[in-house]
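# Structure at a glance
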Number of protein chains: 2
Amino acid sequence: MENRPSQIPSTPSARLRLMVITDRGVCANLPDAVAAALRGGARAVQLREKDMGALELLELARRLRRLTREHSASLIVNDRIDVALAADADGAHLGWRSLPVGVARRLLGPDRLIGVSTHSPSEAARAQEQGADYVTFGPVFDTPSKRGLVATQGVEGLAECVRAVDLPVVAVGGVLPEHVASLRDAGAIGVAVIRGVLASPRPEEAARAYLAAWDDAP
Amino acid sequence: MENRPSQIPSTPSARLRLMVITDRGVCANLPDAVAAALRGGARAVQLREKDMGALELLELARRLRRLTREHSASLIVNDRIDVALAADADGAHLGWRSLPVGVARRLLGPDRLIGVSTHSPSEAARAQEQGADYVTFGPVFDTPSKRGLVATQGVEGLAECVRAVDLPVVAVGGVLPEHVASLRDAGAIGVAVIRGVLASPRPEEAARAYLAAWDDAP
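Residues numbered from 1 in each chain as written. Chains lettered and ligands numbered in written order. Predicted model: local features only at pLDDT ≥ 70, side-chain atom pairs only at ≥ 80, totals over all residues. Heavy atoms only, no water.

## Description of a positive patch on the surface
The grouping of A:Arg62, A:Arg63, A:Arg66 and B:Arg106 at the surface amounts to a positive patch. Ranked by residue count, the leading element in the positive patch is helix α3 (residues 54–70) of chain A, at three residues. Tracing the sequence through the fold places A:Arg62 in helix α3. (Patch = residues over 30% accessible without salt bridge, like charges linked within 9 Å, V, L, I, M, F, W, Y side chains within 5 Å. Areas by Shrake-Rupley, 256 points an atom, 1.4 Å probe, with all protein chains shown as cover. Salt bridge = Lys/Arg side-chain N within 4 Å of Asp/Glu carboxyl O. Lys, Arg positive; Asp, Glu negative; His and termini not counted. Charge placed at Lys NZ, Arg CZ, Asp CG, Glu CD. Helix = DSSP H or I, 4+ residues; strand = E, 2+ residues; numbered from the N terminus.)

## Some points on the interface of chain B and chain A
With 23 residues of chain B at the contact, the number on the chain A side is 23 residues. Both faces combined, the contact of chain B with chain A buries some 1700 Å², and carbon together with sulfur accounts for 57% of it. Among the residues of chain B in contact with chain A, B:Asp82, B:Arg97 and B:Leu99 are the three that bury the most area, contributing 31% of the side total. Scanning the region where chain B abuts chain A turns up two salt bridges. (Contact = heavy atoms within 4.5 Å. Buried area = accessible area lost by both parts, 1.4 Å probe.)

## Comments concerning the relation of the copies chain B and chain A
Its rotation angle being 180°, the transformation that places chain B on chain A also includes 0.0 Å of axial translation and leaves an RMSD of 0.0 Å. On this basis, the relationship between the two copies can be described by a two-fold rotation axis. Identified as the residue of chain B closest to the rotation axis by C-alpha distance is B:Asp82, at 2.5 Å. (Least-squares fit on C-alpha atoms with pLDDT ≥ 70 in both.)

## Side note on α3(A)
Its 17 residues give α3(A) an end-to-end C-alpha distance of 24 Å, which sits within 8% of 24 Å, the value for a rise of 1.5 Å per residue. What α3(A) keeps buried is the set A:Ala54, A:Leu57, A:Leu58, A:Leu60, A:Ala61, A:Leu64, A:Arg65, A:Leu67 and A:Thr68. Looking at the buried residues of α3(A), the elements they touch are α2 (30–39), β2 (44–47), β3 (74–78) and α4 (81–86) of chain A together with α5 (101–108) of chain B. Trailing α3(A) by a residue or two, A:Ser72 shows a phi angle of about 50°, which is positive. (Expected span 1.5 Å × (residues − 1). Buried < 20%, exposed > 50% of the residue type's maximum accessible area, 1.4 Å probe, protein only.)

## Examining the sheet that holds strand β6 (residues 134–137) of chain B
Residues and elements named next belong to chain B. With parallel pairing, eight strands are arranged side by side around a closed barrel as β1-β2-β3-β4-β5-β6-β7-β8. In this sheet, neighbouring strand axes are inclined to one another by 25° on average, regardless of whether the strands run parallel or antiparallel. Pairing between strand β1 (residues 18–21) and strand β8 (residues 190–193): three bridges, direction parallel. For Met19, the partnering residue across the bridge sits in β8 and is Ala192. (Pairing = 2+ DSSP bridges. Axes fitted to C-alpha atoms, helices over the stretch in contact; angles between N-to-C directions.)

## Brief notes about the sheet that holds strand β8 (residues 190–193) of chain A
Residue and element names in this part refer to chain A. Spatial strand order, β1-β2-β3-β4-β5-β6-β7-β8: eight strands in a closed barrel with parallel pairing. Sheet twist, expressed as the mean angle between neighbouring strand axes with direction ignored, is 25°. Here three bridges tie strand β1 (residues 18–21) to β2, and the two strands are oriented parallel to one another. Opposite Met19, over in β2, you have Ala44 as the bridge partner. In the packing of helix α5 (residues 101–108) onto the sheet, contacts are made with β4 (91–94) and β5 (113–118), and the angle to β5 comes to roughly 160°. Its contacts with the sheet place helix α10 (residues 203–216) against β1 and β8, and it is angled at close to 160° to β8.

## Quick look at the packing of α2(A) against α3(A)
All names here are of chain A. Direction vectors running N to C along α2 and α3 enclose 20°, while the axes themselves pass 10 Å from each other. Relative to α3, the element α2 lies roughly parallel. Considering the relative orientation of α2 and α3, their crossing is right-handed. Every residue of α3 that contacts α2 at Leu30, Pro31, Val34, Ala35 and Leu38 is listed here: Leu60, Arg63, Leu64, Leu67 and Thr68. (Parallel < 35°, antiparallel > 145°, perpendicular 65-115°, else oblique. Left-handed = near helix turned anticlockwise from the far one by under 90°.)

## Considerations on the pairing of β1(A)
With burial as the criterion, each face of β1(A) is covered, one bearing A:Leu18 and A:Val20 and the other bearing A:Met19 and A:Ile21. In this fold, the crossover linking β1(A) to β2(A) by way of α2(A) has right-handed handedness. (Right-handed = clockwise from strand over helix to strand, strands pointing away.)

## Structural notes on the side chain of A:Thr136
When you line up the elements, A:Thr136 lands in strand β6 (residues 134–137). Residue A:Thr136 is classed as buried on the basis of its relative accessible area, which comes to 5%.

## Some thoughts on the environment of A:Glu123
Among the secondary structure elements, A:Glu123 is positioned in helix α6 (residues 121–130). Sequence-distant contacts of A:Glu123, that is, excluding residues within four places in its chain, are made with A:Ser117 and A:Thr118.

## Some words on the side chain of A:Ser98
Of note, A:Ser98 is situated in the loop between β4 and α5. With relative accessibility at 5%, the residue A:Ser98 sits in the buried group. A polar side-chain atom of A:Ser98 sits 2.6 Å from a polar atom in the side chain of A:Asp79. A polar contact of 2.9 Å, which involves the side chain of A:Ser98, links it to the backbone nitrogen of A:Gly95. For A:Ser98, the residues in contact, after removing those within four places along its chain, are A:Asp79, B:Ala54 and B:Leu55. (Polar contact = N/O pair within 3.5 Å; in protein donor to acceptor, adjacent residues only side chain to side chain.)

Written as structure tokens, this is what we have:
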């Protein structure tokens with residue numbers, strides 16, 4: 001086995017070990033739940049609230065910016081590059097309805113992260129060509145977030161994606177702590193979760209469980 | 001009566017004489033309808049398609065950018081400052097859910113226009129304080145776009161708004177060509193319309209009718 005990462009990673013890639021994607025609909029108080037996840041060791045937060053107006057999103061982004069800074073964690077804003085810039089986020093995450101990577105890069109500059117949601121190895125390869133810094137790949141497992149929208153890719157699909165690109169690949173979609181070892185073995189740099197952390201009654205312990213599974217897996 | 005503006009205005013304020021606000025739901029082909037409105041003399045187009053993803057919006061913005069350039073007309077993008085920048089629009093128009101004017105200014109720079117939708121003289125005064133370049137004010141008349149959401153302001157409300165600010169005030173909401181003289185007399189710099197132009201079977205003639213009403217009014 002390779003060198004074991006510390007449980008509190010600090011390099012940009014290592015921060016992607018556990019990305020918490022927000023959905024304020026699954027928890028009572030989103031900033032509180034995110035703060036707990038950060039205490040539990042999460043070092044990347046993707047703000048993704050598609051039905052929020054820009055003003056409300058900016059206010060939430062600024063709150064999460066303060067929290068993530070306290071924990072040296074990355075804040076990534078989904079889709080809205082203007083909000084990412086306004087909140088001084090560390091980057092933006094792009095979906096299929098978002099601006100192209102090249103346009104995002106021009107607006108965000110060379111130093112901010114650009115992540116892209118991908119659902120096939122060829123999509124991931126295209127994101128790499130276009131200049132993405134990382135991709136998420138999924139849904140690896142069945143998840144209510146994507147049910148009926150995109151085919152479940154499985155661990156084999158993930159492994160194929162990892163082989164197709166040189167970028168860090170973050171596994172997403174129905175990921176539980178017990179999946180982590182297989183995802184790591186398939187070459188994922190980390191996992192992204194919504195409900196697994198934020199819908200937990202104890203987001204801090206939930207985050208810790210994902211990270212411990214990563215470090216402890218044989 | 002003051003000096004009569006030419007029917008094809010060219011200064012930034014004069015371009016606001018007739019702002020066509022888009023709604024692709026009211027016409028068969030939006031770029032065609034906008035092109036016709038530009039041929040009819042409109043010199044400001046506000047791209048406002050709230051349910052469009054950023055990628056689709058950018059593609060449409062780029063099309064309208066080419067059309068507006070051909071007619072030396074301004075292109076203003078509603079809400080999405082990232083799309084405004086990506087399409088090299090002349091500015092952005094902000095509603096109540098949009099980023100604050102100060103944030104928008106920082107992202108857009110000093111030269112691009114920032115417009116703000118206002119519904120009372122005090123909102124208009126606040127937009128001016130925050131650094132807006134122009135405001136729209138309305139709904140001056142009853143309109144299906146805002147029915148049940150905001151009180152109709154009337155021509156008197158418009159006149160009050162004009163007195164409250166030094167900014168150009170564009171009247172919006174149910175405006176027909178026969179209203180134009182009273183709006184001009186109340187101090188509006190121009191009118192903004194959706195259906196009045198785009199839902200017309202002849203958008204070119206419709207645009208021409210608004211501009212002629214402005215010039216011909218006693």
